[in-house]
Amino acid sequence: MDNTSKQAVNEFAKLSWRERICYGAGDLAQNLIFGTIGSMLLFYLTTVFGISAAAGATIFLIVRWVNVFWDPWVGTVVDKSHFKHGGKYRPFLIYFGIPLTICCALLFLPIPAVRGNVLYAFFSYLATALIYSFVNIPYGSLNASLTRDNDEVSTLTTVRMTEANIGNLLVYTFLPLFVQLASPAKQLKDIGFFGIKLNLGNYASPQAAGAYFKVISVYMVIGFIMLLCTYFGIKERVLPTQEETASVKFSDLWNELIQNKPLQILGWFFLIGFTFMFFGNTVWPFFVQYNIGHSEWMASINLIGSIPGIFLVFLWPIVRRKIGKKGFFYLFLILFIIGQLILWVWSFPAFKNSIALGYIGRFVMQWGITAATGYMWSLVPEVISYGEWHSKKRVAGIINSIMGLFFKIGLALGGIIPGYINAFCHFDGNKASQPASALTGISISMIWVPIVLALIAMWIMSKYPLSDPEVDKINHEIEDQRNTAVSK
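What you see is a predicted model, and the numbers here were worked out from it, not measured in a lab.

(A) Structural view of the overall build of the protein. Secondary structure summary: the protein contains 19 helices and 2 strands in total. A compact globule built from 488 residues would reach a C-alpha radius of gyration of about 23 Å, and the protein, at 22 Å, matches this within 12%. Projected onto the principal axes, the alpha-carbon positions of the protein cover approximately 75 × 50 × 40 Å. Going through the 488 residues of the protein one by one, you find that 63% of them count as buried. Of the roughly 18,200 Å² that the protein leaves accessible, carbon and sulfur atoms contribute 69%. Taking the average location of the 36 positive side-chain charges in the protein and that of its 26 negative ones, the two points are 6 Å from each other.

Now the structure itself:
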């Protein structure tokens, strides 16, 4: 359907399982393509690539400040876009998905001439981040364009987050394992999973650069194939009219930020939630490598930690119906804190060799974090609908750029602050063992800062103003107004 046509459509459509799965493939793709950066880039830059922890953190800082100004502009471009073929948002997945996959691979280019070159690391990361906005923001806008039905959005969120967490499994569990399998200086090690032993190399060595590039290049190709699945497998239904598209202005961003209270609350929740999520993602390899001393266990522990995000996602709508959406977030943030405390106990000298504590802590912590940071995406469509109802203008791209901005600031803080903490605490990536101060810094970043932020996130969610009945009423009023306009 042309996004400017005025024919009446069923904006409360029930989605097929094919469409739900194809949409969720985009989350899997983005985790494969961009999730590798959140999980491994700082570790790679400060060990394999050979720059200092402070330099790595500064690169993250500058790029994210650029995103602060870049993403709102991208959101405006997306909302004003009009393609002759392929829909309003879907073409972005193809046109920018190709350069994104290439740039991500080039971040890990194993050429000795660029090793340790801060400018190469900076500009390659900057290019990747800028292009990613042209994939991530349109993809987020698609979420609100498929249907207005609140139950369907809830089901769609569970499906997409299941696929997103399959991507997390491939990134956080198998990516380090594959890199270690492809790295030099192999030794036969017990990976802590049913007695399985594998020949694993040292993936913190400069000689592992080629292994990173090979494995990540394969991930990039698979990610782009998943973007193609999204492009060909979904249908856009809830779209702005031609008049709304033509009237979009950059100033609409400020209007939404000032007037849309649910957007303000959810934005802060996004920022805090993704900050402590990426704190954990960034510091986890350091924590297992240095504080625990069993990097060979990381894949198996991550495998156990991935179970809730893949096999327990079906419980999300049930929990929400039983205790409400605020109660949902309270419950799973508390689970996250409990898991964090178990991981802290695991780092005690007496328990470092107890893989069971690693399994339990990671399982509980991941159950909490994947639920809290996954299900909050289901609130974005209702924030878009509220903005449309309040301002009489549907600016899904701009609102998703705002949410993406909060997300990326959280991602940046989760990468920047641990890097500076490492630098302050005298972490040295060229050393096989670290001083006590560095281990303390890693523990602060891995355990205590995320716990404090999780408590703040609970307080923020307590202020969220939209109930499910209010959202249903808003959506039906908008549909009635649109159908009345079409019939005239």
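(B) Representation of the environment of Phe-12. Secondary-structure assignment places Phe-12 in the segment before α1 (17-33). When the C-alpha atoms of Phe-12 and Thr-147 are compared, they prove to be 5.2 Å apart, with 135 residues separating the residues in sequence. If sequence neighbours within four positions are ignored, Phe-12 has contacts with Thr-147, Arg-148, Asp-149, Asn-475, His-476 and Glu-479.

(C) A nonpolar patch on the surface, seen in detail. On the surface, Leu-341, Trp-344, Phe-348, Phe-351, Ile-444 and Trp-448 cluster together into a nonpolar patch covering about 480 Å² of accessible area. Turning to its location among the elements, Ile-444 is positioned in helix α18 (residues 436-461).

(D) Inspection of the packing of aromatic side chains at higher detail. Under the counting rule described, the total for this entry stands at 40 aromatic pairs. Between Trp-344 and Phe-348, the ring centres sit 5.0 Å apart and the planes meet at 85 degrees, which makes this aromatic pair edge-to-face. Taking the relative accessible area as the measure of exposure, Phe-348 reaches 31% and is therefore partly exposed. Three or more aromatic residues joined by ring pairs form one cluster here, namely Phe-269, Trp-316, Phe-328, Phe-329, Phe-332, Phe-363, Trp-367 and Tyr-375. The ring of Tyr-231 has Arg-90 sitting right over it, with the charged end atom 4.8 Å from the ring centre. In this structure, Arg-362 is placed above the aromatic ring of Trp-284, and the distance from its NZ or CZ to the ring centre is 3.9 Å.

(E) Representation of the pattern of salt bridges. Per the counting criterion, the structure on display carries 8 salt bridges. A salt bridge links Lys-14 to Asp-149; the shortest N-O distance between them is 3.1 Å. One end of the pair, Lys-14, is in the segment before α1; the other, Asp-149, is in the loop between α6 (118-145) and α7 (150-182), and 135 residues separate them in sequence. On the basis of relative accessibility, which here comes to 13%, the residue Asp-149 falls in the buried class.

(F) Quick peek at the state of the cysteines. One pass over the structure, following the stated rule, counts 0 disulfides. Free cysteine Cys-104: the closest other cysteine sulfur is in Cys-103, separated by 7.3 Å. The exposure class of Cys-104 is buried, given its relative accessible area of 0%. With no disulfide partner, Cys-229 has as its closest neighbouring cysteine sulfur the one in Cys-22, 6.0 Å distant.

(G) Representation of the packing of helix α5 (residues 97-106) against helix α8 (residues 209-233) in the model. Between α5 and α8, the least distance of the axes is 9 Å, while the angle of their chain directions is 165 degrees. As the angle between them shows, α5 and α8 are arranged roughly antiparallel. With respect to the hand of their crossing, α5 and α8 are arranged in right-handed fashion. Contacts between α5 and α8 involve Gly-97, Ile-98, Thr-101, Cys-104 and Ala-105 from the former and Phe-213, Ile-216, Ser-217, Met-220, Phe-224 and Leu-227 from the latter.

(H) Representation of the nonpolar core in the model. Ranked by size, the top nonpolar core spans 151 residues in total, and within it Tyr-212 and Phe-270 carry the most contacts. Considering every element that reaches this core, the biggest residue donor is helix α11 (residues 261-292), with 18 residues. Not counting residues up to four positions away in its chain, the partners in contact with Tyr-212 are Met-40, Phe-43, Tyr-44, Val-48, Phe-108, Val-179 and Tyr-203.

(I) Up close: the packing of α7 against α8. It is the contact of α7 with α8, at a shortest axis distance of 8 Å, that shows an interaxial angle of 140 degrees. Taken together, the axis directions place α7 and α8 in an arrangement best described as oblique. In this structure, α7 crosses over α8, and the sense of that crossing is right-handed. Where α7 approaches α8, its residues Leu-170, Val-171, Phe-174, Leu-175, Phe-178, Val-179 and Ala-182 are matched on the opposing element by Ala-211, Tyr-212, Val-215, Ile-216 and Tyr-219. Taken together, the residues of the contact of α7 with α8 sort by class into 12 nonpolar, no polar and no charged.

What counts and what doesn't
Residues numbered from 1 in each chain as written. Predicted model: local features only at pLDDT ≥ 70, side-chain atom pairs only at ≥ 80, totals over all residues. Heavy atoms only, no water. Helix = DSSP H or I, 4+ residues; strand = E, 2+ residues; numbered from the N terminus. Rg over C-alpha atoms; globule rule 2.2 N^0.38 Å. Buried < 20%, exposed > 50% of the residue type's maximum accessible area, 1.4 Å probe, protein only. Areas by Shrake-Rupley, 256 points an atom, 1.4 Å probe, with all protein chains shown as cover. Lys, Arg positive; Asp, Glu negative; His and termini not counted. Charge placed at Lys NZ, Arg CZ, Asp CG, Glu CD. Contact = heavy atoms within 4.5 Å. Patch = residues over 30% accessible without salt bridge, like charges linked within 9 Å, V, L, I, M, F, W, Y side chains within 5 Å. Salt bridge = Lys/Arg side-chain N within 4 Å of Asp/Glu carboxyl O. Phe/Tyr/Trp six-rings, centres within 6.5 Å; stacked < 30°, edge-to-face > 60°. Lys NZ or Arg CZ within 6 Å of the ring centre and 35° of its normal. Disulfide = S-S within 2.5 Å. Axes fitted to C-alpha atoms, helices over the stretch in contact; angles between N-to-C directions. Parallel < 35°, antiparallel > 145°, perpendicular 65-115°, else oblique. Left-handed = near helix turned anticlockwise from the far one by under 90°. Core = buried A, V, L, I, M, F, W, Y, C linked by side-chain atoms within 4.5 Å. Nonpolar A, V, L, I, M, F, W, Y, C, P; charged D, E, K, R; others polar.

Read these as geometric descriptors, not functional statements.
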